[in-house]
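Coordinates in review
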Amino acid sequence: LSDNRWIMVDKVGVHPDNREKAGLVPVDVHDLLRRITANGWSFKEVDALACEIPPTEEGAKWRAFNAQLAASSDGLLAAVNPDDLEVVTGRGSHTTASVRCYKFGTKGFHEELCADGHISRAKIVEQQPSMALPLDKGINYVVIRWQLVHACPRLMEVLSRTGNASHGVARKQTTIQGLKRVHMLAAARQRANAHVDWAAIARMASIGMDPEYVETAS
């Protein structure tokens, strides 16, 4: 029902149910990229799980979701060509997105990673030569067959939730970082002309934080 595959990040999107249906949180992608760059790339630290995109109407919706997610990120996520995507992630999503950022050169807000306001691949690789590894080799994903996720529509939602619950536990952030995270989540919904459910935004902003943080986010 699954196998391990090395896949270039160009071909990898995010499952729509990841991060409580936010897909990706751009500020988290950039914070993660800064942390990985500081420590250096390590394949053994990457826990990446994905599923094939079904050749169905549902699969077409997943491709469109990824294109819209990038388009509504104000340039903080790499643009997506829906036809290039082969799989979508339920774990390792922000890691994949962070590699896409410096592979394709998105906007950025961490000066040590940027040149002229954009993520600089050369600057990152100069700081940490190991950061060239996922660009050249891709990332190793456990890939679930599309037939299984088609038969079990909530499977990726469950696997994403259980996997992400163990990542970045009790993450510490400043008040300004918390505000920025809430703002980006809400702004992405607004740019997509979608209803902003503030309770849902608070829950998304609390992933990886202490359990009581949802009150602060609210």
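These figures come from a predicted structure and were not determined experimentally.

What follows concerns empty space enclosed by the protein. Applying the stated criterion to the full structure yields one cavity of 30 Å³ or more. In this model, the largest cavity occupies a volume close to 150 Å³. Along the wall of the largest cavity there are 16 residues; nearest its centre are Leu24, Asn66, Val80, Ala97 and Arg100. Those elements that provide at least two residues to the lining of the largest cavity are β2 (12-14), α3 (57-71) and α4 (93-104). Sort the elements by how many residues they give to the lining of the largest cavity and α4 lands first, with five residues. Among the residues forming the lining of the largest cavity, the class breakdown is 10 nonpolar, five polar and one charged.

As a further point, take the side chain of Thr106. Topologically, Thr106 is positioned in the loop between α4 and β5 (114-115). Excluding its chain neighbours within four sequence positions, the residues that come into contact with Thr106 are His30, Gly75, Leu76, Leu77, Ala78, Cys101, His118 and Ile119.

Once that is clear, we can look at the side chain of Ser93. Inspection of the secondary structure puts Ser93 in helix α4. With residues near it in sequence (within four places) discarded, Ser93 still touches Val14, Asn18 and Leu24.

Reading the values: the criteria
Residues numbered from 1 in each chain as written. Predicted model: local features only at pLDDT ≥ 70, side-chain atom pairs only at ≥ 80, totals over all residues. Heavy atoms only, no water. 1 Å grid on protein atoms, 1.4 Å probe; cavity = no way out; pocket = protein on both sides within 12 Å on 5 of 7 lines; lining within 4 Å. Points joined across faces, edges and corners; volume = space filled by probe spheres on them. Helix = DSSP H or I, 4+ residues; strand = E, 2+ residues; numbered from the N terminus. Nonpolar A, V, L, I, M, F, W, Y, C, P; charged D, E, K, R; others polar. Contact = heavy atoms within 4.5 Å.

Limitation: the analysis is restricted to geometry and does not speak to function.
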